[in-house]
Amino acid sequence: MIQVYRISFPDGSAYVGQTRQRVSYRLAQHRQSSPCNSILYRKLLIMKPTVEILSRHRKQETADREEKKWIMRLERPINRYVEGRQINMNPAAPSLSRNRWRKERNRRERPKYPRKAEGHYVCSWCWRKLPVSKFYSDCCRSVGLSSRCKRCSEAESRARREAIKKNADTSVAYFQAKLACQALRKTKTRPAVSVLYKK
C-alpha cells in the first residue's frame, strides 16, 4: 500500500509526500544529514511536527494524483517537486527547466561593489540598527558588509565550536544560535538602512 502523508509545522507550513514504508521510517529519512529538501530538513531540526496519514492507495498513478491534489491545497507548501517535476505555485514565474539565468550569470562580468564609508546598517538576525564599524566587511555583498553584526556572528561561531568539541551536529547549533539572536529583537518591523558609499 502507498501511503500519502502530511507533515505539519507550528508556523503553518506543511509537507505532503508518499511512501510504501512506515511513515516513521520515512520521517527518519527526512532527518538525514544530506536531504533532498533542505527547507524540510531545517524545520525538522528546530520544530516539532505533527504527522498525519491522508490516504492509502494500491496504484501509483492514484497516489501521485492524490499527492498533487493535497499539495495544491496547502497555503504554505514546502514541496518543490511532484513526480520528478517542479511545482510552479506562481504561474507568472518561469520554471527552472526554462530558466537560463545560471548559464548567463557565469558569462556576465562581475560588478565591482563600492566600499562602505559611513552610516548605519541593520543586522539580519537581531534587527539592531548599528554603525558600520559593528559589521565585518564582505566584498561579495553589494553593501560591502556582512548581513550579521559582530555580536551575532561571534555567537554563531561560538555555538559551532562548542558543537564540534562535543561531536554534535553543527547545523543544529547554527539554528539554535539564530533563534537566540532573533529572540533579542525589540521591534516587530525591521528598521530602515542608511549607508553612504564612496564614489
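It should be noted that the structure appears before, not after, this text.
Just so it is clear, the structure is predicted and the values come from calculations on it, not from any experiment.

Trainee: Can you explain helix α1 (residues 23-30)? Please cite residues and give values.
Mentor: Buried within α1 we find V23, L27 and H30. Each buried residue of α1 sits inside an arc of 55 degrees when the element is viewed along its axis, so together they form one side. For α1, the elements touching its buried residues are β1 (2-8), β2 (14-19), α2 (38-46) and β3 (50-57).

Trainee: Tell me about the nonpolar core, and please be specific about residues and values.
Mentor: Among the nonpolar cores identified, the biggest contains 12 residues, and these are Y121, C123, W125, C126, L130, V132, F135, V143, L145, C149, C152 and C181. V23, L40, L44 and I78 belong to the second largest nonpolar core, which has 9 residues in total.

Trainee: Give me the lowdown on the state of the cysteines, citing residues and values where you can.
Mentor: A complete count under the given rule lists 0 disulfides for this structure. Of the cysteine sulfurs around C123, a residue in no disulfide, the closest is that of C126, at 3.6 Å. C152 provides the cysteine sulfur closest to C149, a residue in no disulfide bond, and the two sulfurs are 3.5 Å apart. With relative accessibility at 0%, the residue C149 sits in the buried group.

Trainee: Quick rundown of the side chain of S153? Include the residues and the values.
Mentor: Looking at where S153 falls in the secondary structure, it is placed in helix α5 (residues 150-165). Every residue in contact with S153, bar those within four places of it in the chain, is listed here: Y136 and R148.

Trainee: Before we move on, can you summarise the environment of A163 with the specific residues and values?
Mentor: Of note, A163 is situated in helix α5. Along the sequence, A163 and A173 sit 10 residues apart, while their C-alpha atoms lie 6.5 Å from each other. Ignoring sequence-local partners within four residues, the contact set of A163 consists of A168, D169, T170 and A173.

Trainee: Give me the packing of aromatic side chains: which residues, what numbers.
Mentor: Applying the stated criterion to the full structure yields 3 aromatic pairs. Ring geometry for W125 versus Y174: centroids 5.6 Å apart, planes at 70 degrees, classification edge-to-face. Note that W125 is positioned in the loop between β6 (116-122) and β7 (129-131) and Y174 in helix α6 (residues 170-182), a separation of 49 residues in sequence. For W125, a relative accessible area of 4% gives the class buried. The rings of W125, Y174 and F175 are connected pair by pair, giving a single aromatic cluster.

Parameters at a glance
Residues numbered from 1 in each chain as written. Predicted model: local features only at pLDDT ≥ 70, side-chain atom pairs only at ≥ 80, totals over all residues. Heavy atoms only, no water. Buried < 20%, exposed > 50% of the residue type's maximum accessible area, 1.4 Å probe, protein only. Helix = DSSP H or I, 4+ residues; strand = E, 2+ residues; numbered from the N terminus. Arc of directions from axis to C-beta. Contact = heavy atoms within 4.5 Å. Core = buried A, V, L, I, M, F, W, Y, C linked by side-chain atoms within 4.5 Å. Disulfide = S-S within 2.5 Å. Phe/Tyr/Trp six-rings, centres within 6.5 Å; stacked < 30°, edge-to-face > 60°.

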